[in-house]
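# Chains, contacts and geometry: an overview
What follows is the residue order along each chain.
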Amino acid sequence: MVYQEDRNKTAVWRYGSDGVIFIDGLAGVFNDRGSYNGYWVQKSSSVRCDTYREGADGKPTYHWGRFKVTFIDSKFPSRWKADISLCDREPGMTLNGTPVTQ
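Structure report, in brief. Predicted, not measured: the structure shown is a model, and the values here were computed from it.

Definitions and cut-offs
Residues numbered from 1 in each chain as written. Predicted model: local features only at pLDDT ≥ 70, side-chain atom pairs only at ≥ 80, totals over all residues. Heavy atoms only, no water. Disulfide = S-S within 2.5 Å. Helix = DSSP H or I, 4+ residues; strand = E, 2+ residues; numbered from the N terminus. Buried < 20%, exposed > 50% of the residue type's maximum accessible area, 1.4 Å probe, protein only. Pairing = 2+ DSSP bridges. Axes fitted to C-alpha atoms, helices over the stretch in contact; angles between N-to-C directions. Polar contact = N/O pair within 3.5 Å; in protein donor to acceptor, adjacent residues only side chain to side chain. Contact = heavy atoms within 4.5 Å.

Glancing now at the state of the cysteines. What the rule picks out here adds up to 1 disulfide. Note that Cys49 is cross-linked by a disulfide to Cys87, the S-S spacing being 2.1 Å. Handedness of the Cys49-Cys87 disulfide follows from its S-S torsion of about -100 degrees: it is left-handed. Linking Cys49 in the loop between strand 4 (35–41) and strand 5 (53–54) with Cys87 in the loop between strand 8 (80–84) and strand 9 (93–97), this pair joins segments that are 38 residues apart in sequence. Taking the relative accessible area as the measure of exposure, Cys87 reaches 10% and is therefore buried.

Here we come to unusual backbone geometry. Note that the residue after Phe76, namely Pro77, is joined by a cis bond; omega there is -5 degrees. Mapped onto the fold, Pro77 is located in the loop between strand 7 (64–71) and strand 8. Notably, Asp32 is not glycine yet its phi reads approximately 50 degrees, a positive angle. Tracing the backbone shows Asp32 in the loop between strand 3 (19–24) and strand 4. For Asp32, a relative accessible area of 67% translates into the label exposed.

As a further point, take the sheet that holds strand 4. Here we have 7 strands laid out as an open sheet, ordered 1-2-3-4-7-8-9, and antiparallel in their pairing. In this open sheet, the two strands that pair with only one neighbour each are strand 1 (2–7) and strand 9. Neighbour-to-neighbour, the strand axes of the sheet open up by a mean angle of 25 degrees, direction not taken into account. In terms of strand pairing, strand 2 (residues 10–15) meets strand 3 through 6 bridges, oriented antiparallel. Bridge pairing links Thr10 to Asp24 in strand 3.

One can find Gln42 in the loop between strand 4 and strand 5. A polar contact of 2.7 Å, which involves the side chain of Gln42, links it to the backbone oxygen of Ser44. Those residues in contact with Gln42 that sit more than four places away from it in its chain are Tyr15, Asp18, Gly19, Thr61 and His63.

Before going further, it helps to spend a moment on the pairing of strand 8. With burial as the criterion, only one face of strand 8 is covered, namely that bearing Trp80, Ala82 and Ile84; the residues Lys81 and Asp83 on the opposite face remain uncovered. Sheet topology note: the strand 7/strand 8 ladder contains 5 bridges and is antiparallel. Residue pairing in the sheet places Val69 in a bridge with Ala82 of strand 8. With 5 bridges joining them, strand 8 and strand 9 adopt antiparallel strand pairing.

So far we have only geometry, and geometry alone does not tell us how the molecule works.
Shown next as structure tokens:
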């Protein structure tokens, strides 16, 4: 995951060749971070959702899911845990992240 940019109050993370995560309320927050909700999108996935979300290029995509990230440490950079779903289903996977800095 790479924290790519802020769009107003939404942080934009990228992963892989075409994956994007939009996290509401995280933009510009570097201290005392808690939990934030958002969604991931990509060009394809194992499930085609019934509804669409805005993709990375601003066009609709039917390959998305919920993404809830919880930061473990109080300051940036921080370890994090994310619960991920397909479409609007209950989360079915948890990812753990550790920051890599140069």
